[in-house]
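The lines below spell out each chain.
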Amino acid sequence: MTDYAIIAEDLTYYYDDLTAVNHINFQVAEGEILGFLGPNGAGKTTTVKMLTGQMKPRGGRAVLLGMDVAKNIEKVQGNIGVCFETTNLYEQMTAIENLNLFARLFGVKPFYAIEYLSRVGLEGRGKDKVETYSKGMKQRLMVARSLVNRPQILFLDEPTAGLDPASSEAIREVILREKERGATVFLTTHDMMEADKLSDRVVFMNQGNIVALDTPLNLKRQYGRRALKVKVATGSGALEDREIVLDTPETPSNIQELFMHEQVVTVHSEEATLEDIFINITGRGLTE
Amino acid sequence: MNWRIIGTLVSKDLSLFFRKKGILAITILGLVFYLIIYFVMPGTVSENLKIGIHAPELPPVFQHLPEEGLEISIVDSEEILRQSVSDGTYIVGISLPPDFIEKLNTGQKPDVNLYFTADAPEEIRVAMDSLVNEFASTLTGQVMTVEVSQEILGQDLLGTPIPPRDRLRPLLAIFIIFMEILGLANLISEEVERRTAQALLVTPATVIDLFTAKGIAGIGLAFVQAVLFMAIVGGMNVNPMIILVVLFIGAALATGLAFLISAFAKDFMSVLAWSIPVLVILIVPSLGVMIPGAITGWVKVIPSYYLVDAVHRVANYGSGWGDVWTSLLILFGYTIVIIGFGILVLRRKLQ
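No experiment lies behind these values; they were computed from the predicted model shown.

**Some details on the overall build of chain B**
So, point 1. When its secondary structure is counted, chain B shows 13 helices and 5 strands.
So, point 2. Taken across its 351 residues, chain B has 43% of its residues classed as buried.
So, point 3. Surface accessibility of chain B: about 18,400 Å² in total, with carbon and sulfur atoms responsible for 65%.

**Some points on the overall build of chain A**
So, point 1. In terms of helices and strands, chain A carries 10 helices and 13 strands.
So, point 2. Its C-alpha atoms give chain A principal-axis dimensions of about 75 × 45 × 40 Å.
So, point 3. Counting only residues that meet the buried cut, chain A has 47% of its 288 residues in that class.
So, point 4. A separation of at least 24 residues holds for 66% of the contacts in chain A among residues at least 6 apart in sequence.

**Quick notes on the interface of chain A and chain B**
So, point 1. Listed as interface residues are 18 residues of chain A and, on the opposing side, 13 residues of chain B.
So, point 2. A buried area of about 1,400 Å², summed over both sides, lies between chain A and chain B, and 63% of it is on carbon and sulfur atoms.
So, point 3. When the area that chain A buries against chain B is broken down by residue, the three leading residues are N88, Y90 and L105 of chain A, summing to 32%.
So, point 4. Summed over the shared surface of chain A and chain B, the result is 4 residue pairs in polar contact (both at pLDDT 80 or more).
So, point 5. Looking at the side of chain A that touches chain B, the elements with two or more residues in it are α2 (73-77), β6 (80-83) and α3 (95-106) of chain A.

**Considerations on the environment of V207 of chain B**
Residues and elements named next belong to chain B.
So, point 1. Take V207: it is sitting in helix α9 (residues 207-232).
So, point 2. With 93 residues separating them along the chain, V207 and K300 place their C-alpha atoms 34 Å apart.
So, point 3. In this structure V207 touches L201, R347 and L350, once residues within four positions along its chain are discounted.

**Some points on the sheet that holds strand β3 (residues 92-95) of chain B**
Residues and elements named next belong to chain B.
So, point 1. Ordered by their spatial adjacency, 5 strands build an open sheet running β2-β1-β3-β4-β5, and the pairing between neighbours is mixed. At either margin of the open sheet sits one strand with a lone partner, and together these are β2 (70-74) and β5 (147-153). Direction aside, neighbouring strands of the sheet carry axes that sit 25° apart on average.
So, point 2. Summarising the sheet, strand β1 (residues 49-54) and β2 pair through 5 bridges and their orientation is parallel. Bridging from a neighbouring strand, I53 pairs with I74 of β2.
So, point 3. Sheet contacts for helix α3 (residues 78-86): β1, β3, β4 (111-117) and β5; angle to β4, the most-contacted strand, approximately 25°.

**Some words on α3 of chain A**
So, point 1. With 12 residues, α3 of chain A extends 17 Å from end C-alpha to end C-alpha; this agrees with the ideal 16 Å at 1.5 Å per step.
So, point 2. The complete set of buried residues in α3 of chain A reads A95, N98, L99, F102, A103 and F106 of chain A. Buried residues of α3 of chain A, viewed axially, fall in a sector of 130°; they line one side.
So, point 3. Buried residues along α3 of chain A sit against α2, β6, α4 (113-119) and α5 (135-146) of chain A together with α8 (196-200) of chain B.
So, point 4. In the stretch just after α3 of chain A, G107 of chain A is the one whose phi turns positive, near 70°.

Cut-off values and rules
Residues numbered from 1 in each chain as written. Chains lettered and ligands numbered in written order. Predicted model: local features only at pLDDT ≥ 70, side-chain atom pairs only at ≥ 80, totals over all residues. Heavy atoms only, no water. Helix = DSSP H or I, 4+ residues; strand = E, 2+ residues; numbered from the N terminus. Buried < 20%, exposed > 50% of the residue type's maximum accessible area, 1.4 Å probe, protein only. Areas by Shrake-Rupley, 256 points an atom, 1.4 Å probe, with all protein chains shown as cover. Contact = heavy atoms within 4.5 Å. Buried area = accessible area lost by both parts, 1.4 Å probe. Polar contact = N/O pair within 3.5 Å; in protein donor to acceptor, adjacent residues only side chain to side chain. Pairing = 2+ DSSP bridges. Axes fitted to C-alpha atoms, helices over the stretch in contact; angles between N-to-C directions. Expected span 1.5 Å × (residues − 1). Arc of directions from axis to C-beta.

Below, the structure is given as structure tokens:
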């Protein structure tokens, strides 16, 4: 039997007459990276807040590491790490002081802040006040802060939003290393490429409901279309486009026929992105 | 200096200021608030002296006293007179014996009892003594024909003259305590607005931990400073334990007010805007110590009155637990209510 790190059972939250999260159910296995995707207002942040004990569900329950979050909030929070979307560091303090503060809150002893800073490439700036950091550096420090207690579950809310490629890559590496360590990662993001690259499975949230939950590959197979984009040379020397749709019974014969009768110049494969699939399922984009 | 640049900066700052609707609202409300305070304060000065008289037979000469700027009330018994002076209804009580006129007419000296409130100025005591003798002289045409005995009801606060700087002690002590409201409220509002509180609350730290920590920090800062001040100015030479308790409760009161203010404030400027009216109100009772008679009974609705009263009585007059326990109890009650309310509204904001 699979051990689940996270179980959401009929999880519900509403603000007055607005249902933010509508009776959702899902499980996340230990060591799995779950991409949690959806446009603004889909209910992602509310779900994360209920899972991390920041908000009490209006209905249903969240179980983390076998414990009901509402009943064991302190114990649960001692074993999770949360990286927020908005920077909420103590800017007057240095990076080392920030990490030491949170390590003390988690009771981590001994704690060597510099080790965590080096994991996010900030070892040379540990003694600088956070207010002197760039946005990318602050975000990397936020990720480092979420790791100080070696969490069993790591919640990352848009960890790479608005960052330069180098900072984004550094954070993605940290996420993969956490997975290798055995941590479960709950990754909320708008970045479909990132979700595709990192996630074992993804959840599509829309208007408080889960509209899809599967591996990126299965979602692409189920909802997307794969094709070969081919450029062929005509008799006059001009180039023309051809397309062969993959994953159909006719695909092999179509390919064979193309190469037998046409002068193929270039061949590229094309597959649907998660964004395409989200639009396909919900009829709206992730940035709407 | 480049006045053009300065002008541009001033213009920019004013523009930004007026775009912040919250601060604009607070500014206007603050102005309204100060105007209300001004008009609530008494606009006229009453120079009438409230006197209670117990006299089985009131001599005609006493009936003219109101014209002399005195407010006279006739009291049925000497016991009621004593009680009325004790509770501050009358500043002076005059008790004339039943045979007052008869004795005067027969050339004897009647015994007249004068009762004074604890804080009645020395000048009034002397004046009343003279007044009774003067009336007796008017009635008889003789000089010094009355035996006057004076009694101070309650602790005599005029026994030892208090130097002006010692009268200032309660004001300075509460100023030190309540100025901490600013610092603590700013600390808390920043924590909420910058969402660092949110980061703390996904660790094992609970909301209660957070409030307790803030409370300890706030009380500690205010209390230590106030104790240091009182120790240096000699305010703890008498009954230091009472002073410590009073200052501790005062520091807790300041912390509760800081919780309340930080629940409404968003940044340092709004903390300042909310805090100043509160500070002004809290300082009012101490004026009564600096200028005796300047304020009246309404000031007792202000929580800091009981802090000032206790500090003043203990530090300046050596009062003991028995004299100030009611003030301490009321101050404690106010503190509990304000801290509770502060936690309630701040908790709502945090969540």
